[in-house]
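Coordinate inspection notes
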Amino acid sequence: MNHDQEGHIVNFVRTAKLGAFGAVLLLSYGLCSVQAAPIVLDFGDLSPSTLDVIPDGYQGFEWRGVGEIVNLSMAFYAPTLRGECSTTGGIFAGGYCNGTTSGEYVAFRGTGTGAATIRRSRTFNFESAFITSPWNDGEDLVVRGFRDGIELYRDLFVIDTVSPTRIELNYLNIDTLTFQGTGGVNAGYGSSGEGIVIDDFAYSDYSVPEPNTVPLLAVSLAGLWLVRRRRIARIAA
């Protein structure tokens, strides 16, 4: 084995080591960037009551619009436990019963002005939820996500009373989420009006990469590039 061949082998080993080191750092960066596992609210822990307003502070959120009085807060309901789902055509036999996807409780915002508003001081990610209209079929649903009062996300869906619509949005790093239902045709459940029924509300805490990981990754990749460049230059010589 001559001197040049030995040099090539040494450079190859160095490159392999740096590449492995860079891969480890890249994996570490990816792991640090992964968002926390989602938390799914089915509102069953609000029992034993079967109908009441959702208290501000539940799961760290406020459950009403800015400046709203308690009467207009979002509420929770257990239609099956109250015997409503066995009554065909009853007021709550539509979207409230059909929108209960897990457990026996749902959150709702009935007829009223303004959007259903969920917010908290610490930012979060809204991932998904099941949404049903309480009384109207073909109701338009506008979902909006905000941070510091600035709208970052907006999506439009059509919901009905027959079955819940699963919306999966992945709104990242927001502090306020609103749901506004409008329009639609009365489905004949003994009442009318616009509103929303929510179940299996999934969110996660927003997290950012560890600050020291990014510069380490940059140094690793720069070193890998320099070694590769030197190796190519030596081979060409």
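Residues numbered from 1 in each chain as written. Predicted model: local features only at pLDDT ≥ 70, side-chain atom pairs only at ≥ 80, totals over all residues. Heavy atoms only, no water.

Applying the stated rule across the entire model yields 19 aromatic pairs. Geometrically, the ring pair formed by Tyr96 and Phe108 is edge-to-face, given 5.2 Å between the ring centres and 80° between the ring planes. Of this pair, Tyr96 sits in helix H2 (residues 95-98) while Phe108 sits in strand E4 (residues 106-109), and the two are 12 residues apart along the sequence. Residue Tyr96 shares its accessibility class with Phe108, and that shared class is buried. Measuring from ring centre to ring centre gives 6.0 Å for Phe126 and Phe179, while their planes differ by 85°; the resulting arrangement is edge-to-face. One end of the pair, Phe126, is in strand E5 (residues 116-132); the other, Phe179, is in strand E9 (residues 165-182), with 53 residues separating them in the sequence. (Phe/Tyr/Trp six-rings, centres within 6.5 Å; stacked < 30°, edge-to-face > 60°. Helix = DSSP H or I, 4+ residues; strand = E, 2+ residues; numbered from the N terminus. Buried < 20%, exposed > 50% of the residue type's maximum accessible area, 1.4 Å probe, protein only.)

Okay, the confidence of the model for the chain next. When pLDDT is low, close inspection of the predicted coordinates is not appropriate. Put simply, the chain has an average pLDDT of 78, and 67% of its residues get 70 or more. The element-level mean pLDDT for the chain is lowest in helix H1 (residues 3-33), coming to 47, with strand E8 (residues 150-159) highest at 98. (pLDDT = per-residue confidence, 0-100.)

Moving on: a nonpolar patch on the surface. Taken together, the side chains of Leu172, Tyr206 and Val208 define a hydrophobic patch exposed on the protein surface, amounting to about 250 Å² of accessible area. For Val208, the location among the structural elements is in the loop between strand E11 (196-205) and helix H3 (213-236). (Patch = residues over 30% accessible without salt bridge, like charges linked within 9 Å, V, L, I, M, F, W, Y side chains within 5 Å. Areas by Shrake-Rupley, 256 points an atom, 1.4 Å probe, with all protein chains shown as cover. Salt bridge = Lys/Arg side-chain N within 4 Å of Asp/Glu carboxyl O.)

Once that is clear, we can look at the pattern of salt bridges. A full pass over the atoms with the stated rule returns six salt bridges. For Arg154, the salt bridge is made with Glu151, and the minimal N-O distance between the two is 3.1 Å. The exposure class assigned to Glu151 is partly exposed, which follows from its relative accessible area of 31%.

Below, the discussion takes up the state of the cysteines. All chains considered together, the criterion is met by one disulfide. Across the disulfide from Cys85 sits Cys97; the S-S distance is 2.1 Å. Taking the sign of the S-S torsion, about -100° here, the bridge from Cys85 to Cys97 comes out left-handed. Placement of Cys85 in the loop between strand E3 (75-77) and H2 and of Cys97 in helix H2 is noted, with a sequence separation of 12 residues between them. Exposure remark for Cys97: the relative accessible area of 13% places this residue in the buried category. (Disulfide = S-S within 2.5 Å.)

In this section: the environment of Glu168. Relative to the helices and strands, Glu168 is located in strand E9. Among the residues examined, Glu168 registers a relative accessible area of 52% and is labelled exposed. Sequence separation between Glu168 and Glu127 is 41 residues, and the spatial gap between their C-alpha atoms is 5.8 Å. Glu168 has contacts with Glu127 and Ser128, leaving out every residue within four places of it along the chain. For Glu168, the side chain forms a polar contact with the side chain of Arg166, separated by 2.8 Å. (Contact = heavy atoms within 4.5 Å. Polar contact = N/O pair within 3.5 Å; in protein donor to acceptor, adjacent residues only side chain to side chain.)

This part is about unusual backbone geometry. Residue Ser47 is joined to Pro48 through a cis peptide bond whose omega torsion reads 15°. Its place among the elements puts Pro48 in the loop between strand E1 (39-41) and strand E2 (51-53). Although it is not a glycine, Gln59 adopts a positive phi angle of roughly 55°. Inspection of the secondary structure assignment puts Gln59 in the loop between E2 and E3. Overall, the relative accessible area of 30% leaves Gln59 in the partly exposed class. Residue Asn170 is not a glycine yet carries a positive backbone phi of 55°.

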